[in-house]
Structures are given as structure tokens and as C-alpha cells.
Amino acid sequence: MQQISQNLQSIYHNYRAIPLVLSLAVVIDYALTFYLAGGIEMILKYEYSPTLTYAIRNGIVIPYLGSTVFFYYAAGYTVLKYLRDSEIYYIGVAIILLMSITHVLGGLSWYVLSACYSNAVLALPLISVVVTIAVFGYEIIRQI
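An account of the accompanying structure is given in this report. (Residues numbered from 1 in each chain as written. Predicted model: local features only at pLDDT ≥ 70, side-chain atom pairs only at ≥ 80, totals over all residues. Heavy atoms only, no water.)

A look at the packing of aromatic side chains
Here is step 1: In the structure shown here, the tally under the stated rule is five aromatic pairs.
Here is step 2: Measuring from ring centre to ring centre gives 5.4 Å for Tyr15 and Tyr77, while their planes differ by 50°; the resulting arrangement is tilted. With Tyr15 in the loop between α1 (2-12) and α2 (18-36) and Tyr77 in helix α5 (residues 61-83), the pair connects residues that are 62 residues apart, well separated along the chain.
Here is step 3: Accessibility expressed as a relative area gives 23% for Tyr77, which makes it partly exposed.
Here is step 4: Both rings, one in Tyr73 and one in Tyr77, keep their centres 6.1 Å apart while their planes meet at 20°; by these two values the pair is stacked. (Phe/Tyr/Trp six-rings, centres within 6.5 Å; stacked < 30°, edge-to-face > 60°. Helix = DSSP H or I, 4+ residues; strand = E, 2+ residues; numbered from the N terminus. Buried < 20%, exposed > 50% of the residue type's maximum accessible area, 1.4 Å probe, protein only.)

Given below as C-alpha cells:
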């Protein structure tokens, strides 16, 4: 049990590994979307992401997915690298993990097919934004 705890701690403090979780969650989200949606027409009709529907309409899904996964990794890596020695590193990790959960749950929304579920999933990134703005404000006030 102690070994598991040590492994989790080493992953938690590894600002290179945490963004991989987010990138994997994005891959899972889109894999579930394409697998569970039942067809491109359903995705175009009900998908929340305008960028995904644009990519489908223009036949650039693979480059879109690749660039999205890369962007998420690069953004998460950059944020955690700069926060790694700060008091708010744990908040950066929490937001990245919340975004990861959001993506996986978003992919599962094609299985659940419930407006309440989809709205709950859409509330998760809003929570991330509110927490990020609050922490940013806190840090500005703390620096004054």
C-alpha cells in the first residue's frame, strides 16, 4: 500500500505525466464519440464541439484530433511546469484532472443520451473556469 502511495505521489509531482492523462482523456472522448454516436450524421446534429463538427465537415478529423491532443498536452505541461514550485500546483493538477474527467464523461454522453447528464457534463468546465479565475484573483491580491 505504501508503494502505491509513493507511486501516486511521484506521478502527482511529475508535471510531464499529468498532462498525459488529459491527452488520453481527449482520445477516449473522441473514440467514444465516434463509436457510440451511431454515425457522422448524429455527431453533426448533436455534438457540442463546433470545432469537431467543423473538422468532420471539412474532412480533417485526424489532423484535428492530433493537434487537439498535442495542444492539451502542451498547455497542461506549460501550466504545471510554471506552477510546480508554487502553493497552487495542486489546483493546476486538480483542474487538469477535472478537464480529463469532463472529456471522458462527454464521450460517455453518447451512451447515456440524457439532457440532464449532458448539462451536468457541461457544468464541469465551467467549474474549472470559475476556480481558475478565483485562484488567479487570489494570487493577484496576494502579490499586492
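Brief notes about the pattern of salt bridges
Here is step 1: In total, this model carries three salt bridges according to the counting rule given.
Here is step 2: Note that Glu87 and Arg142 form a salt bridge whose closest N and O atoms lie 3.8 Å from each other. Separated by 55 residues along the polypeptide, Glu87 in the loop between α5 and α6 (89-112) and Arg142 in helix α7 (residues 115-143) bring together distant segments of the chain.
Here is step 3: Since its relative accessible area comes to 39%, Arg142 is described here as partly exposed.
Here is step 4: Salt-bridge contacts for Glu139 lead to Arg142; the nearest nitrogen and oxygen are separated by 3.0 Å. With Glu139 and Arg142 both in helix α7, this residue pair falls three residues apart, about one helical turn.
Here is step 5: Overlapping salt bridges, with partners in common, bring together Glu87, Glu139 and Arg142 in one network. (Salt bridge = Lys/Arg side-chain N within 4 Å of Asp/Glu carboxyl O.)

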